[in-house]
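Fold and contact review
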Amino acid sequence: MILLFYLVFYIFLGGMFTLTMYVMLQTLDDYKPTYQDRLAIPGMMIWPRGYFLEIEYSLLHPESWENYVHSLDYFLSSYDNTQQARTNVECPPDRYFLQEDSGEVRNNPKRSCQFNRTSLQACSGITDRHYGYDAGKPCILIKLNRVIGLLPSKDGQSPYITCAAKADDSAHIGELEYFPPNGTLNLMYFPYYGKKAQVNYSQPLVAIKFRNITLNTDVNVECKINADHMETYGEARDKFAGRVSFKLRINA
């Protein structure tokens, strides 16, 4: 009798668990989270990453910077013009690429706009296969983390990225050059619809080239996103939202 009781009891528990899981799964959307509790301001990341966001190498020892070059080659391989032309479409710039659903009818898979490697110009790895690392003029790539449905602008102005040295290092950072020009993240790459709905999505990138950084010196750099729909200062939940800090040191 005891065995029979526990058999019925555990079958009942298993049935209840299966039923609740089934009901919960019916409320989920395969393509978009039901609730999003992430920050409204996306985070940022640099490439190559280095250890603890520190990039340090010696001009006299190529082996100290070759890994950074290989890392950039690998990262940018999916941005080759031929690959982008094969998987993504050319979009009209300076406006959102909206692909709304028609009620219950899904407009999937959604198309993605091309981001061609050549738009990074001197930091594309095409004209300079060492990305300036061998000459003490390295390139750092910055990408904005993906946030589903993000519309970063209210007045039609594309967001852009700016970088500067921390106060104590401002005399050592030298001239910065941005690719694409002005560090722009064009509006056509927004909104993002999710990995399953937009399979071939390529995040827009901004490259920063350090033209004449002071050698043999630690230079602490902070980059941030500027957009009229995202105020990056004073964020209560995360003071680093919409920005990334890293250290760069080049030894002669």
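Up top is the structure these notes are about.
The shown structure was predicted, so the numbers you read here are calculated from the model rather than taken from an experiment. (Residues numbered from 1 in each chain as written. Predicted model: local features only at pLDDT ≥ 70, side-chain atom pairs only at ≥ 80, totals over all residues. Heavy atoms only, no water.)

Here we take up the overall build of the protein chain. A tally of helices and strands in the protein chain yields 3 helices and 8 strands. Listing the helices and strands of the protein chain from first to last along the sequence gives α-β-β-α-α-β-β-β-β-β-β. Here the C-alpha radius of gyration of the protein chain, 23 Å, is well above what a compact globule of 252 residues would show, namely 18 Å. With the C-alpha coordinates of the protein chain rotated into their principal frame, the extents come out at 85 × 50 × 40 Å. Taken across its 252 residues, the protein chain has 40% of its residues classed as buried. For the protein chain, the share of sequence-separated contacts (at least 6 apart) that also reach a separation of at least 24 residues comes to 79%. (Helix = DSSP H or I, 4+ residues; strand = E, 2+ residues; numbered from the N terminus. Rg over C-alpha atoms; globule rule 2.2 N^0.38 Å. Buried < 20%, exposed > 50% of the residue type's maximum accessible area, 1.4 Å probe, protein only. Contact = heavy atoms within 4.5 Å.)

Inspection of every chain in the model, using the stated rule, returns 3 disulfides. In this model Cys123 forms its disulfide with Cys139; the gap between the sulfur atoms is 2.1 Å. Across the disulfide from Cys123 to Cys139, rotation about the S-S bond amounts to roughly -75°, and the bridge is consequently left-handed. A residue pair is termed long-range when its members are at least 10 positions apart, and Cys123 in the loop between α3 (81–87) and β3 (139–144) and Cys139 in strand β3 qualify at 16 residues. This pair shows no difference in class: Cys123 is buried, exactly as Cys139 is. Sequence-ordered numbering of the bonded cysteines in the protein chain gives a disulfide pattern of 1-2, 3-4, 5-6. (Disulfide = S-S within 2.5 Å.)

This part covers a nonpolar patch on the surface. Where nonpolar side chains cluster on the molecular surface, the patch consists of Ile2, Phe5, Tyr6, Phe9, Tyr10, Phe12, Leu13, Met16, Leu19, Tyr22 and Val23 and spans about 1,200 Å² of accessible area. Structurally, the position occupied by Val23 is in helix α1 (residues 2–26). The exposure class assigned to Val23 is partly exposed, which follows from its relative accessible area of 46%. (Patch = residues over 30% accessible without salt bridge, like charges linked within 9 Å, V, L, I, M, F, W, Y side chains within 5 Å. Areas by Shrake-Rupley, 256 points an atom, 1.4 Å probe, with all protein chains shown as cover. Salt bridge = Lys/Arg side-chain N within 4 Å of Asp/Glu carboxyl O.)

On to the sheet that holds strand β5 (residues 176–179). If you trace the 4 strands from one edge of the open sheet to the other, you get β1-β3-β6-β5, paired in antiparallel fashion. On the outer flanks of this sheet lie β1 (44–47) and β5, each paired with one strand and no other. The mean inter-strand angle of the sheet, taken between neighbouring strand axes irrespective of direction, is 25°. In this sheet, strand β6 (residues 205–210) lies alongside β3 in antiparallel orientation, the contact comprising 5 bridges. Bridge pairing in β6 places Ile142 opposite Val206. Helix α2 (residues 66–76) contacts β1, β3 and β6 of the sheet and is inclined by roughly 40° relative to β3. (Pairing = 2+ DSSP bridges. Axes fitted to C-alpha atoms, helices over the stretch in contact; angles between N-to-C directions.)

Turning our attention to the pairing of β3. The buried fraction of β3 is high, at 6 of 6 residues. Residue alternation in β3 divides its side chains into two sets, Cys139, Leu141 and Lys143 and Ile140, Ile142 and Leu144, and both sets are buried. With 4 bridges connecting them, β1 and β3 associate as antiparallel partners. If you follow Ile46 over to β3, its bridge partner there is Ile142.

Mapped onto the elements of the fold, Asn186 is located in the loop between β5 and β6. Its relative accessible area of 14% is what places Asn186 among the buried residues. Within the structure, Asn186 has its side chain in polar contact with the backbone nitrogen of Asp94 (distance 2.7 Å). With sequence-adjacent residues up to four places away left out, Asn186 is seen in contact with Pro93, Asp94, Arg95 and Ser158. (Polar contact = N/O pair within 3.5 Å; in protein donor to acceptor, adjacent residues only side chain to side chain.)

Enumeration over the complete set of coordinates arrives at 9 salt bridges. Residue Arg249 pairs with Glu56 through a salt bridge whose shortest N-O separation is 3.9 Å. Taken together, the positions of Arg249 in strand β8 (residues 243–251) and Glu56 in strand β2 (residues 54–58) put the pair 193 residues apart, joining distant regions of the chain. One network of salt bridges, in which partners are shared, links Glu54, Glu56, Asp218, Lys247 and Arg249.

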